Amino acid sequence: MPIQNSLQKGSQDPYVSIAQSQLISLGYSLPRFGADGVLGDETLYAYGNFLVSQGLRAPADERPRSITPTGAAALEMAVQAAGQAGATANIIDERAKHPHSGRSVSTPYRTWPKITAVVLHQTASKIGEKPASWHGVPIHFGITRAGKIIQLYDLTEVCNHANGLNGRSVGIEIDGWYAGIEGRPETLWQPKNLPTPRQPMNLPTAQADAAKAAVQWIVNAVAANGGRMTHIHPHRQSSKDRQSDPGSLIWQTVGLWAQNTLGLSDAGAAFTVGDGRAIPEAWDARYTGNRY
Ligand SMILES: [Zn+2]
């Protein structure tokens, strides 16, 4: 613990300037007073926003009147974690450039230990290479066909991407349309009223590698913040309407890779959430008899 007791508004404890510098390094600006060593309203406001982002305080709560030992420890961990996880992957950071309308209204933020799973999706469309085109997609990461990793939300934000898995998971959308089962074009989801039906896409190596790098980065970032990732799921497991999501190609290339390489689990042959469907044998040969 960086401090033993709470510091009240007006405190000039030597720790105050440390906390101020940490807030600034995490992107919470202190435009009027900066790191002046005095615990005033500006610092408490920034500190309060930091606590909200960590799931440690509700957004509607009053501004905090003190820095507590727990809050100071969270600040310390966040600064260290940013240094550890930051260098791993080449992430295009779009978090500050859109209104975050895909965030849960009832539970907008969660603490790090609540984050335990990755959910893989296919966009079933072509969102493209422009980062701004992804701003309306309610999910943490988008992976473009050319292999860009686009971050849209903090990992501590709860996004509406995977039904009953939202609370525990970080979502990754892989751009493109893919067959539910490779080699069976009739398992490709088709939008209504297209003049000619779509043909399933391939998964470019650059895109597959970027998706794997994103999963690895998420595992590292959660660990650096005191949590632990244990699972990876296809969206299919939490929604009957997402039978082909993300499809056998993405699941075998990224989902099985994450199980074999990173030790994540899909929670087994029978696992579903809500009205979801179990992983079929066509996606994973271990699950004999599981129908598509
Ligand atoms: Zn999905």
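Residues numbered from 1 in each chain as written. Predicted model: local features only at pLDDT ≥ 70, side-chain atom pairs only at ≥ 80, totals over all residues. Heavy atoms only, no water.

Some details on the pairing of strand β4 (residues 117-122)
- Burial analysis of β4 places six of its six residues in the buried class, the great majority of the element.
- Taking every second residue as pointing to the same face, both faces of β4 are buried, with Ala117, Val119 and His121 on one and Val118, Leu120 and Gln122 on the other.
- Examined bridge by bridge, β4 and strand β7 (residues 169-174) share six bridges and lie parallel to one another. Bridge pairing in β7 links Leu120 to Ile172. (Buried < 20%, exposed > 50% of the residue type's maximum accessible area, 1.4 Å probe, protein only. Helix = DSSP H or I, 4+ residues; strand = E, 2+ residues; numbered from the N terminus. Pairing = 2+ DSSP bridges.)

Brief notes about the coordination of the zinc ion
- Every protein donor of the zinc ion is listed here as His121 (ND1), His235 (ND1) and Asp245 (OD), and their distances to the metal cover 1.9 to 2.1 Å.
- Taken in sequence order, the residues that donate to the zinc ion follow the motif H-x113-H-x9-D. Taken together, the residues span a long stretch of sequence, with His235 in the loop between β8 (231-234) and α5 (248-262) and Asp245 in the loop between β8 and α5 at a distance of 10 residues. Both residues of the pair, His235 and Asp245, belong to the buried class. (Donors = N, O, S within 2.8 Å, 3.2 Å for Na, K, Ca; no water.)

Observations concerning the domain arrangement of the chain
- Partitioning the chain into domains gives domain 1 (7-85) and domain 2 (91-262).
- Computed over C-alpha atoms only, the centres of domain 1 and domain 2 are separated by 32 Å.
- Taken together, the contacts link 11 residues of domain 1 with 11 residues of domain 2.
- The contact between domain 1 and domain 2 buries some 840 Å² in all, and 63% of this surface belongs to carbon and sulfur atoms. (Domains from an automatic or database assignment. Contact = heavy atoms within 4.5 Å. Buried area = accessible area lost by both parts, 1.4 Å probe.)

Topic: the nonpolar core
- Grouped together as the largest cluster of nonpolar side chains are 39 residues, with contacts concentrated most on Leu155, Ile172, Val215 and Ile218.
- Contributions of two or more residues to this core are made by β4, β5 (141-143), β7, α4 (205-224) and α5.
- The residues touching Ile218, leaving out its near neighbours within four places in the chain, are Val118, Phe141, Leu155, Val170, Ile172 and Met229.
- Among the nonpolar cores identified, the runner-up in size contains 18 residues, and Leu7, Ala19, Leu51 and Ala78 belong to it. (Core = buried A, V, L, I, M, F, W, Y, C linked by side-chain atoms within 4.5 Å.)

Things to note about the packing of aromatic side chains
- A full pass over the atoms with the stated rule returns two aromatic pairs.
- Between Tyr28 and Phe50, the aromatic rings sit 6.1 Å apart at their centres with planes inclined by 90°, giving edge-to-face as the arrangement. Placement of the pair is Tyr28 in the loop between α1 (14-25) and α2 (41-53) and Phe50 in helix α2, with a sequence separation of 22 residues.
- Judged by centre distance (6.0 Å) and plane angle (70°), the rings of Phe141 and Trp217 are edge-to-face. (Phe/Tyr/Trp six-rings, centres within 6.5 Å; stacked < 30°, edge-to-face > 60°.)

Comments concerning α1
- With 12 residues, α1 should cover 16 Å at 1.5 Å per step; its first-to-last C-alpha distance of 18 Å lies within 8% of that length.
- All of the buried residues along α1 are Tyr15, Val16, Ala19, Gln20, Gln22 and Leu23. Along α1, the residues classed as buried sweep out an arc of 165° about the axis, all on the same side. Facing away from the buried side of α1, by more than 90 degrees, are the exposed residues Pro14 and Ser25.
- Between a side-chain oxygen at the N-terminus of α1 and the backbone nitrogen of Tyr15 the separation is 2.7 Å; the capping residue is Asp13.
- Phi for Gly27, located one or two positions after α1, is positive at around 100°. (Expected span 1.5 Å × (residues − 1). Arc of directions from axis to C-beta. Polar contact = N/O pair within 3.5 Å; in protein donor to acceptor, adjacent residues only side chain to side chain.)

Quick word on the sheet that holds β4
- Taken in spatial order, the six strands make up an open sheet running β3-β6-β5-β7-β4-β8, and their pairing is mixed. Since the sheet does not close on itself, it has two edges, and those belong to β3 (91-93) and β8, each with one partner. Neighbour-to-neighbour, the strand axes of this sheet turn through a mean angle of 25°, independent of strand direction.
- Relative to the sheet, α4 contacts β3, β4, β5, β6 (149-151), β7 and β8, its axis offset from that of β7 by approximately 170°. (Axes fitted to C-alpha atoms, helices over the stretch in contact; angles between N-to-C directions.)

Re the environment of Ile92
- Following the sequence through the fold, Ile92 ends up in strand β3.
- As a C-alpha pair, Ile92 and Pro131 span 39 residues in sequence and 7.7 Å in three-dimensional space.
- In contact with Ile92, other than residues within four places in its own chain, are Pro131, Lys148, Ile149, Ile150 and Gln151.

Section: the pairing of β7
- Counting buried positions along β7 gives six out of six residues, so the element sits mostly inside the fold.
- Residues Ser169, Gly171 and Glu173 of β7 are buried on one face, and the alternating residues Val170, Ile172 and Ile174, pointing to the opposite face, are buried as well.

Remarks on the layout of surface pockets
- Taken as a whole, the largest pocket holds about 720 Å³ of empty space.
- Residue lining of the largest pocket: 27 residues in total, with Leu26, Ala82, Arg95, Trp112 and Asp154 positioned closest to the centre.
- For the lining of the largest pocket, the secondary structure elements donating two or more residues are α2, α3 (69-85), β3 and α4.
- Taken together, the residues of the lining of the largest pocket break down into 13 nonpolar, nine polar and five charged.
- Counting contributing residues per domain, the lining of the largest pocket is built from domain 1 (7-85) and domain 2 (91-262), each supplying no fewer than three.
- Computed from the structure, the second largest pocket encloses a volume of approximately 450 Å³.
- Surrounding the second largest pocket, 22 residues form its lining, Gln122, Thr123, Ala124, Arg242 and Asp245 being those nearest its centre.
- For the lining of the second largest pocket, the residue count by class is eight nonpolar, nine polar and five charged. (1 Å grid on protein atoms, 1.4 Å probe; cavity = no way out; pocket = protein on both sides within 12 Å on 5 of 7 lines; lining within 4 Å. Points joined across faces, edges and corners; volume = space filled by probe spheres on them. Nonpolar A, V, L, I, M, F, W, Y, C, P; charged D, E, K, R; others polar.)

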